[in-house]
Every structure is written in structure tokens, then in C-alpha cells.
Amino acid sequence: MMDETGEEEEEEAWLQLRPVEPLPSQCCGSGCSPCVFDLYHRELARWEAARASKDRSLLSGEESQSCPSKLNPETFLAFRISAVDRLTKDTYRVRFALPRNSQLGLRPGQHLILRGKVDDLEIQRAYTPISPANAEGYFEVLIKCYQTGLMSRYVESWSAGDTAFWRGPFGDFFYKPNQYGELLMLASGTGLAPMVPVLQSITDNAEDETFVTLVGCFKTFEGIYLKTFLQEQARFWNVRTFFVLSQENSPEQLPWSYREKTRFGRLAQDLIEELVGSCRRKPFALVCGSAEFTKDMARYLLCAGLAEDSCFLF
């Protein structure tokens, strides 16, 4: 029979094993499933059941903890950083190594969750790899850093050889070749990221005859990400690229190859209607950017005649 001291010690042991509720900063806010709070409630229910049944295997650590060998939405895995390239003053392209020329296992447009730690505060954010879905031995992400961003402080500390932790995949958009007549991609800033692997999967597949109209919204010409890649993609017979620059107004300052396909100001209702009207086939729209951008584009597309089920908002 256990005395009072023994009961207190056992109670303390159980309390030490109780899962710790995540902080709000640990939720990336992108609606992924399972969310960090989903995992917490699952672990809490398991802990409560074990405690109620006095299952000492949890206390003694006898339960097997298998180490996952591939990407998992519930478990963070370590990936080594092989290169960090600064594309603009505040945006980086980061390459992570994969073992033995393996593939990451994401479908085009799916995203991952990155875990960071700053000043003993854990944070999590969602990022979409921009590398081809079939890339072997690596994957790349596009990350914009903000002056007041905690994750930005973490990312700006990276250098080649460091390790970062990711879990996934997440995302409800699954592209299939020739599924749509035309994709109308509307991207603002790093919202370009999920468009890149979808676009490349189309141009890499000679049997995929989907038309693509990609519209990238940036502040300045210098701020356009992945110019070389986008120029190469625009050479394909089924791809058109356009740019909207909000803080410039002079076409004479642009290279000749950009002048006809660049507009100034903001992407508004009139231009959306023009783009939808110029699509060569009935379009399906993909939208990614800030919350405000996404909300505006969804409204403009509906006013331009697209049905709600003809749009996907990342």
C-alpha cells in the first residue's frame, strides 16, 4: 500500500509528463491539419487516459518512440541548410538537403510548417517550397523577412550547415495534368511561391496542355522574385506572365521585354475583368498573398463572372 509521500511523488511524476499547451505564437494560422493545438489535445487525452488507468508505461518511458524516416505532418524533422541566397534586401531563397537524392514528397502547391525559436519563444510558420515537386536531393523555400517578425529574426540567423525543423505536408489543392483548361494565377509578393511548382509541373510535362496566365504583384521592378525563372517559363507556348507594380509608374524605366506585360498601380476590378476575358479557355483561378489581397481578389473574380468553385485561395 502506497503511503502519502509515495502518492505525492507519483502525482508529481504524472504532472511532469502532462503535455504543455502551445502558445499562440506556435500556431502558424494557416489552418493546417493537424494543427499544433490538435496535437496538444490528442496528447492531453492520451495522458489523461493513461493517468486514469494508472498505465505506468508512460511514466517509465517503455512506450516505443519510433523515429520517422520521411516527412510527417505530426512530427518535426531536421533538415540541413545547404545554401542561403539573398534575392532582395528582405527576401531569401533557402535550399535544404535531402538524403541520398530522395524527394520531399509534396504535391505542387502544398506547404510545410517551420519551427523556430527566438528568446526561448517557440514559433511556427507556413511556407511553400518553390522547388519542383520531383526535385531530388533538395528542396527550396522563399522567405520574406520583416523588421518586427520573430520568425524573420530566426531565418536571418541562418547560414549554410545549420539545421531547421519542418513538418508536413499540408494543403488542399491537388493539381492534376489537364484538369483545367486554363489556370489564372494571381500572386502578391511571396504569394508567388505556391504558383511556382504548379507552373513548373505543367511546363515539365509535354502532355499537359493547360494554359497558364500568371500575374505577379510587386512594389517595384527590382522587387520581382525569380525573374530568370519567370522569363524562361514565359517562353512556353501555353504560358503568359504579367506584372503589376504598385510603387512605379514609368514604363521607360523597365527593360523592353517587360514593358508590354507590366501595369502600374494595383490589381483592381477592371484589370481582373480584362484578364479573365483574355483567357483562352475557361479559367480556374489560384490566389495567394496577404489576407487583404486574397479577400479582394476573391471578390473581383466573383464580379468578373467566376463561380466560387472556380477559385482556390491559398
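- In the annotation of an unreviewed UniProt entry, the chain is listed under the name NADH-cytochrome b5 reductase and assigned to Felis catus.
- Per UniProt, the comment on the chain under Catalytic activity (unreviewed entry) is "2 Fe(III)-[cytochrome b5] + NADH = 2 Fe(II)-[cytochrome b5] + NAD(+) + H(+)".
- Reading the Cofactor (unreviewed entry) entry of the UniProt record for the chain gives the comment "FAD".

1. A word on the environment of Tyr127
Piece 1. Within the secondary structure, Tyr127 is located in strand S4 (residues 121-127).
Piece 2. Here Tyr127 falls in the buried class, since its relative accessible area comes to 14%.
Piece 3. Put simply, Tyr127 and Ile143 are 16 residues apart on the chain and 7.4 Å apart in space, counted from C-alpha to C-alpha.
Piece 4. Among residues more than four places away in sequence, those in contact with Tyr127 are His111, Leu112, Leu114, Leu142, Ile143, Met151 and Trp166.

2. Some thoughts on helix H9 (residues 291-303)
Each full turn of the α-helix corresponds to 3.6 residues, which orients residues three or four apart in the same direction.
Piece 1. Helix length check: H9, at 13 residues, gives a terminal C-alpha distance of 19 Å against a target of 18 Å (1.5 Å per residue), a fit within 8%.
Piece 2. Looking at H9, one finds that the buried residues are Phe293, Thr294, Asp296, Met297, Ala298, Tyr300 and Leu301.
Piece 3. Of the surrounding secondary structure, the elements contacted by the buried residues of H9 are strand S7 (182-188), strand S8 (211-218), helix H8 (269-278), strand S11 (283-288) and strand S12 (311-313).
Piece 4. With its phi angle positive at about 105°, Gly305 sits one or two positions after the end of H9.

3. Describing empty space enclosed by the protein
Piece 1. Counting across every chain of the model gives one cavity of 30 Å³ or more.
Piece 2. Along the wall of the largest cavity there are 17 residues; nearest its centre are Leu106, Pro129, Ser131, Pro132 and Ala133.
Piece 3. By residue class, the composition of the lining of the largest cavity is eleven nonpolar, five polar and one charged.

4. Considerations on the pattern of salt bridges
Piece 1. Taken as a whole, this structure holds six salt bridges when the rule is applied.
Piece 2. Arg240 is the salt-bridge partner of Glu182, the closest N and O atoms lying 3.9 Å from each other. Of this pair, Glu182 sits in strand S7 while Arg240 sits in strand S9 (residues 239-245), and the two are 58 residues apart along the sequence.
Piece 3. Assessed through its relative accessible area of 0%, Glu182 is described here as buried.
Piece 4. As a salt-bridge pair, Arg299 and Asp296 come within 3.4 Å of each other at their nearest N and O atoms. Highlighted residues: Arg299 and Asp296, both in helix H9, separated by three residues, approximately one helical turn.
Piece 5. Residues joined in a network through salt bridges with shared partners are Glu182, Arg240 and Arg280.

5. Details of the nonpolar core
Piece 1. Ranked by size, the top nonpolar core spans 33 residues in total, and within it Phe173, Leu183, Met185, Leu192, Val198 and Leu286 carry the most contacts.
Piece 2. Going through the elements one at a time, S7, helix H5 (195-203), S8, helix H6 (227-233), S9 and S11 are the ones with two or more residues in this core.
Piece 3. The element best represented in this core is H5, accounting for five residues.
Piece 4. In terms of nonpolar packing, the next biggest core, distinct from the first, is built from 25 residues, Ile81, Leu106, Leu112 and Phe139 among them.

6. Side note on the sheet that holds S9
Piece 1. The six strands are arranged S10-S9-S8-S7-S11-S12 in an open sheet whose pairing can be described as parallel. A single partner strand is all that each edge strand has here, and the edge strands are strand S10 (262-264) and S12. Shown here is a sheet whose adjacent strand axes are inclined to one another by a mean of 15°, direction ignored.
Piece 2. Note: S9 against S10, three bridges, orientation parallel. Counted as the bridge partner of Leu245 is Phe264 from S10.
Piece 3. Docked against the sheet, H5 engages S7, S8, S9 and S11, running at close to 150° with respect to S7.

7. Here's the deal with the pairing of S11
Piece 1. With respect to burial, S11 is a largely interior element, six of its six residues being buried.
Piece 2. Burial along S11 is two-sided: the face carrying Pro283, Ala285 and Val287 and the face carrying Phe284, Leu286 and Cys288 are both buried.
Piece 3. Across six bridges, the pairing between S7 and S11 is parallel. Its bridge partner lying in S11, Met185 is registered against Leu286.

8. Overview of the side chain of Thr88
Piece 1. Positionally, Thr88 belongs in strand S1 (residues 77-88).
Piece 2. Here Thr91 takes part through its side chain, which lies 3.2 Å from a polar atom of the side chain of Thr88.
Piece 3. Beyond its immediate chain neighbours, meaning those up to four positions away, Thr88 contacts Glu222, Gly223 and Tyr225.

9. Here we look at unusual backbone geometry
Piece 1. Following Gly168, the chain continues to Pro169 via a peptide bond in cis, the omega torsion being 5°.
Piece 2. Relative to the assigned elements, Pro169 resides in strand S6 (residues 163-170).
Piece 3. Its identity as a non-glycine residue notwithstanding, Arg100 has a phi of 50°, on the positive side.
Piece 4. You can see Arg100 is positioned in the loop between strand S2 (91-97) and strand S3 (111-118).
Piece 5. Residue Arg100 is classed as exposed on the basis of its relative accessible area of 78%.

Calculation notes
Residues numbered from 1 in each chain as written. Predicted model: local features only at pLDDT ≥ 70, side-chain atom pairs only at ≥ 80, totals over all residues. Heavy atoms only, no water. UniProt positions renumbered as here; feature names shortened; annotations may be inferred. Helix = DSSP H or I, 4+ residues; strand = E, 2+ residues; numbered from the N terminus. Buried < 20%, exposed > 50% of the residue type's maximum accessible area, 1.4 Å probe, protein only. Contact = heavy atoms within 4.5 Å. Expected span 1.5 Å × (residues − 1). 1 Å grid on protein atoms, 1.4 Å probe; cavity = no way out; pocket = protein on both sides within 12 Å on 5 of 7 lines; lining within 4 Å. Points joined across faces, edges and corners; volume = space filled by probe spheres on them. Nonpolar A, V, L, I, M, F, W, Y, C, P; charged D, E, K, R; others polar. Salt bridge = Lys/Arg side-chain N within 4 Å of Asp/Glu carboxyl O. Core = buried A, V, L, I, M, F, W, Y, C linked by side-chain atoms within 4.5 Å. Pairing = 2+ DSSP bridges. Axes fitted to C-alpha atoms, helices over the stretch in contact; angles between N-to-C directions. Polar contact = N/O pair within 3.5 Å; in protein donor to acceptor, adjacent residues only side chain to side chain.

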